[in-house]
Amino acid sequence: SAINRKNYDTSNRDRKLDGDGEAKLIAIVMGKPPDGHAQWSLRLIADRMVELDIVDGISHEGVRLYLKKINLNLGTRNLGS
């Protein structure tokens, strides 16, 4: 069993964000960060998404993966670079 690992079916997992949710994620990242912060962090974005009822819950790692998927860099805020 150590040599032949079981294949896990990930196709039936529910996605946290649909196209509308991803658009709201982009709007958050492109907007002004909260007072007292120079820029958005992954944790701040995750917390804001829960506050705005975009998702019930999402981790900072989940936010990172979505940002990576849409090729958005928090440091430069460039889309599709």
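Residues numbered from 1 in each chain as written. Predicted model: local features only at pLDDT ≥ 70, side-chain atom pairs only at ≥ 80, totals over all residues. Heavy atoms only, no water.

Q: Can you walk me through the overall build of the protein in this structure?
A: Within the protein, the secondary structure is distributed over three helices and zero strands. Counting from the amino terminus, the protein carries its helices and strands in the arrangement α-α-α. A buried classification covers 27% of the 81 residues belonging to the protein. Contacts spanning at least 24 positions in sequence make up 47% of the contacts within the protein whose residues lie at least 6 apart. Of the accessible surface of the protein, which amounts to about 6,100 Å², a share of 48% is contributed by carbon and sulfur atoms. (Helix = DSSP H or I, 4+ residues; strand = E, 2+ residues; numbered from the N terminus. Buried < 20%, exposed > 50% of the residue type's maximum accessible area, 1.4 Å probe, protein only. Contact = heavy atoms within 4.5 Å. Areas by Shrake-Rupley, 256 points an atom, 1.4 Å probe, with all protein chains shown as cover.)

Q: Just to check I follow, could you spell out the pattern of salt bridges for this structure?
A: Between side chains of opposite charge, a pair can form when the charged atoms approach closely. Following the criterion strictly, the structure yields five salt bridges and no others. Notably, a salt bridge pairs aspartate 35 with lysine 32, separated by 3.4 Å at the nearest N-O pair. Of the residues examined, lysine 32 reaches a relative accessible area of 64% and is grouped as exposed. Between glutamate 51 and arginine 48 there is a salt bridge whose closest N-O contact spans 3.3 Å. Pair noted here: glutamate 51 and arginine 48 are both in helix H2 (residues 42-51), with a separation of three residues, about one helical turn. Given a relative accessible area of 56%, glutamate 51 falls into the exposed group. (Salt bridge = Lys/Arg side-chain N within 4 Å of Asp/Glu carboxyl O.)

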